[in-house]
Amino acid sequence: MPDKILSPKSDRGPDLVAAPEQRAAEARAAAPAAGAPPITPVAVATDLAAAGGAAASTVTAAPAPEPAPAPAVGDAGVDGENRRRRDDLFAAAGPLLRRPGFVLAALFVAFVIVSGLLPSLFTSYKPSATSPTDKLKGPSLDHLFGTDELGRDLFSRVLHGSTLTIKATGGAVLIAIVAGLAIGVVAGFFGGWVDSVLMRIIDILLAIPMLLMALVIVTALGFGLLPIAIAVGVTITPTFARTTRAEVLRVKEQPYVEAARTGGASWGRVLARHILPNSWGPVSVLAVLDFGTAVLTISSLSFLGFGTPPPAAEWGTLISNGRNFLITSPWLSLLPGLFVGLVVFSLNHIARTLEEMQR
Amino acid sequence: MPRYLAGRVAQALLVLWAAYTVTFIILNVLPSDPITLQLSAGGADVSQLTPAQLHDLKAHYGLDDPIVVQYFHHLWRALHFDFGMSLTQNVSVGSLITDKLPSTIALTAVAIGVVLVLGLGIAFLATYVQWRPARVLLARLPAVGVSLPQFFVGLLLIQVFSFSLTWLPATGTHGWRSLVLPAITLGLPPSAMLAQLLTRSLNDTWREPYITTARAKGLSRWTIQVRHALRNASLPALTLLGVLVGYTVVNAVVVETVFSRNGIGQLAQQAVLGQDVPVVQAIVLIAAALFVVVNLLVDLLYSLLDPRVARAGRAA
């Protein structure tokens, strides 16, 4: 029975040649009927549908060096399902936690997100509170990133800038995921001329470099947070659409899809319960990677002066303002710049680790 | 080969036309009121105008025709390298661009040189050096280069080399000395991408059977790396290089703004800021043309280096 087990470094090698019954026994709890396997973004479970679609069992993709402890057999039901999901999550998190680089990157990104959503937890200064006696002070314990030309605390301004950048990045990636998934699924699922037309449009969009496309959209829509988010979202959509299409094409040919169809499931159900969940893995890694690209492009656009109008300031705007004081107070532009670099590096590192784990 | 060539040229022209059309649609159809957008960019306060004045202005800019007529009119003129008048500066778009193109071409050419030297160099050393810590460091370095924002790199270089060491000028467009820092800034992220790809493909090549044969013949690591591994590994890198040239041209927008260089990039930044639609449209077309031409050259070079490509294209 042909199937594909995504299980790097797995010692389940012999499973591939074992008889289906044996494999089913070894597989974790057997789900009743042809239910879809639980999917977590990190552990992509590929379901091995037994012939005829009688029972779908799952093998986790957790690249644990040792086989995960076998869960209690026979607790099939809502409770067992939940426990299995939890086990999957822990099995996947284990190897990740053993990578210090990944943990550091994840902690930093978590800090940026929390401090961006609740800046007052991390700084007592207001981003707009001026203090003429404290202007252009270097970094110190009082002012971690120093102060700007009006005596405003730069660390507080960076954290409040995070709020704007997180909103714009979230919006951009959301646009890209929704539009990219829709285009990719339609193209991959229907094939034929629909596929050809959509993919030619995607090719053209890919031929225009990303920043240039974003500039064109910003010219048309005007400046501010929303136009930037839309511009970046549209420019990263084509890669999402392509990856989704490739995944849908791959999953569509899998035996379990055929099995589900033979079992009488409608195309809509097959799409929602089998094709989409199993295509999601590579697309989610791309999403993390594109968070980094989106942050970079958004801060470039606000650096160029197309962001929110003052006094609110995104990271790029802060850096651009600090440029005027580069000789006397270099921290004004360099510290926020380093901050942006660290955020992008962390996001890229997380994406790369997840990608390695999936292989 | 001639048929392959003709096919590739036709495809390049098609992409160019499509890029023009897509940007035309975005710039002229997407805004809720494109006419007001363009008229106010030209300095006219639309709300203060009488209907008759508005009509005259629209006629002056050719904005009163149906959008399809405008499209074919602009496309026809663009084919003759006539991009109309700038809305914010009272000069033709063509002369603005021919003024500023040379400095941007010089900048990107030097930046591509940086990309080749850095990208090749790092990948070469990362796979050639046998001391493990150095190998790991060289293999990890590109990931940092890809993540650093260009405006940050630029400002850091200015701070260190212009203000602290006073070796090179911080801004300006005069002489080769003003070209060094911007070119390094512009070339850094693409060279990191090239190094990543080339390191991977060099590592793969070292596992090929013909490398084992070469080693069995007693060739030194250096000879194998230069004569066998690098030659075979550089084919995928060539394709990436074509893409990177396009991105380098576009990223000149950020770098020329950081270094206050008088080029196409800075013109693009000002045009977007002033919502100067004809200038933006022309710059997109030029960038797309550069991108398409470079990729066409890469494809042709590729088919010369690896004749299987052109033959496969004919069979398909």
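Residues numbered from 1 in each chain as written. Chains lettered and ligands numbered in written order. Predicted model: local features only at pLDDT ≥ 70, side-chain atom pairs only at ≥ 80, totals over all residues. Heavy atoms only, no water.

The name given to chain B in an unreviewed UniProt entry is ABC-type dipeptide/oligopeptide/nickel transport system, permease component, and the organism recorded there is Frankia torreyi. On record in UniProt, under Subcellular location (unreviewed entry), the comment for chain B is "Cell membrane". A UniProt comment under Sequence similarities (unreviewed entry) is attached to chain B, and it reads "Belongs to the binding-protein-dependent transport system permease family." (UniProt positions renumbered as here; feature names shortened; annotations may be inferred.)

The name given to chain A in an unreviewed UniProt entry is ABC-type dipeptide/oligopeptide/nickel transport system, permease component, with Frankia torreyi as the source organism. Taken directly from UniProt, the Subcellular location (unreviewed entry) text for chain A runs: "Cell membrane". Comment text from UniProt for chain A, heading Sequence similarities (unreviewed entry), reads "Belongs to the binding-protein-dependent transport system permease family."

(A) Spatial organisation of the overall build of chain B. On a plain count of helices and strands, chain B comes out with 13 helices and zero strands. Tracing chain B from N to C terminus, the helices and strands come up as α-α-α-α-α-α-α-α-α-α-α-α-α. Along the longest, intermediate and shortest principal axes, the C-alpha atoms of chain B span 85 × 60 × 30 Å. Evaluated residue by residue, chain B yields a buried proportion of 47% over its 316 residues. (Helix = DSSP H or I, 4+ residues; strand = E, 2+ residues; numbered from the N terminus. Buried < 20%, exposed > 50% of the residue type's maximum accessible area, 1.4 Å probe, protein only.)

(B) Main features of the UniProt feature "domain: ABC transmembrane type-1" (unreviewed entry) in chain A. According to UniProt, the positions carrying the feature "domain: ABC transmembrane type-1" (unreviewed entry) are residues 162-351 of chain A. Note that residues 162-351 of chain A is 84% helix and 0% strand, and that its end C-alpha atoms are spaced 20 Å apart.

(C) Focus on the nonpolar core. Formed by 110 residues in total, the largest nonpolar core has its most connected members in L301 and W315 of chain A together with V258 of chain B. Take this core: its biggest share by element is twelve residues, from helix α11 (residues 331-358) of chain A. Residue contacts for L301 of chain A: discarding those within four places in its chain leaves L211, A214, L215, V218, I228, V232, F306 and G307 of chain A. Of all hydrophobic cores here, the second largest spans 16 residues; its members include A123, L202, I211 and L230 of chain B. (Core = buried A, V, L, I, M, F, W, Y, C linked by side-chain atoms within 4.5 Å. Contact = heavy atoms within 4.5 Å.)

(D) A look at the UniProt feature "transmembrane region" (unreviewed entry) in chain A. In this numbering, the UniProt entry assigns the feature "transmembrane region" (unreviewed entry) to residues 102-122, 168-190, 223-241, 283-306 and 326-351 of chain A. Secondary structure over residues 326-351 of chain A splits into 81% helix and 0% strand, and the C-alpha atoms at its two ends are 33 Å apart.

(E) Main features of the interface of chain A and chain B. Opposite the 40 residues of chain A that make contact, chain B presents 40 residues. Note on chain A versus chain B: buried area summed over both sides is about 3,600 Å², and carbon and sulfur give 81% of it. Summed over the shared surface of chain A and chain B, the number is zero salt bridges. The interface formed by chain A and chain B includes six residue pairs in polar contact (both at pLDDT 80 or more). Listing elements by their share of the side of chain A that touches chain B, those giving two or more residues are α5 (192-207), α6 (210-221), α9 (267-303) and α11 of chain A. Per-element accounting of the side of chain A that touches chain B gives the leading share, eleven residues, to α6 of chain A. Grouping the amino acids of the side of chain A that touches chain B by side-chain chemistry returns 29 nonpolar, nine polar and two charged. (Buried area = accessible area lost by both parts, 1.4 Å probe. Salt bridge = Lys/Arg side-chain N within 4 Å of Asp/Glu carboxyl O. Polar contact = N/O pair within 3.5 Å; in protein donor to acceptor, adjacent residues only side chain to side chain. Nonpolar A, V, L, I, M, F, W, Y, C, P; charged D, E, K, R; others polar.)

(F) How the structure looks around helix α8 (residues 255-262) of chain A. All names here are of chain A. Within α8, the full set of buried residues consists of Y256, V257, A259 and A260. Angular distribution of buried residues about the axis of α8 spans 160°; they occupy a single face of the element. Across α8 from its buried face, at more than 90 degrees, point the exposed residues E258 and T262. Count one or two residues on from α8 and you reach G264, which has phi positive near 100°. (Arc of directions from axis to C-beta.)

(G) How the structure looks around the UniProt feature "transmembrane region" (unreviewed entry) in chain B. All names here are of chain B. According to UniProt, the positions carrying the feature "transmembrane region" (unreviewed entry) are residues 12-30, 105-129, 141-167, 179-198, 237-259 and 279-305. Overall, residues 12-30 shows 89% helix and 0% strand. The separation of its end C-alpha atoms is 26 Å. A helix fraction of 96% and a strand fraction of 0% characterise residues 105-129, whose end C-alpha atoms lie 35 Å from each other.

(H) Structural context of the packing of aromatic side chains. Residues and elements named next belong to chain A. If you walk through the whole model with that rule in mind, you get 15 aromatic pairs over all chains. Arranged with centres 5.8 Å apart and planes meeting at 70°, the rings of F108 and F339 form a pair that is edge-to-face. Here the residue F108 occupies a position in helix α3 (residues 100-117), and F339 occupies one in helix α11, the gap between them amounting to 231 residues. By relative accessible area, which is 6% here, F339 ends up buried. Aromatic rings pair up to connect F108, F111, W315 and F339 into one cluster. (Phe/Tyr/Trp six-rings, centres within 6.5 Å; stacked < 30°, edge-to-face > 60°.)

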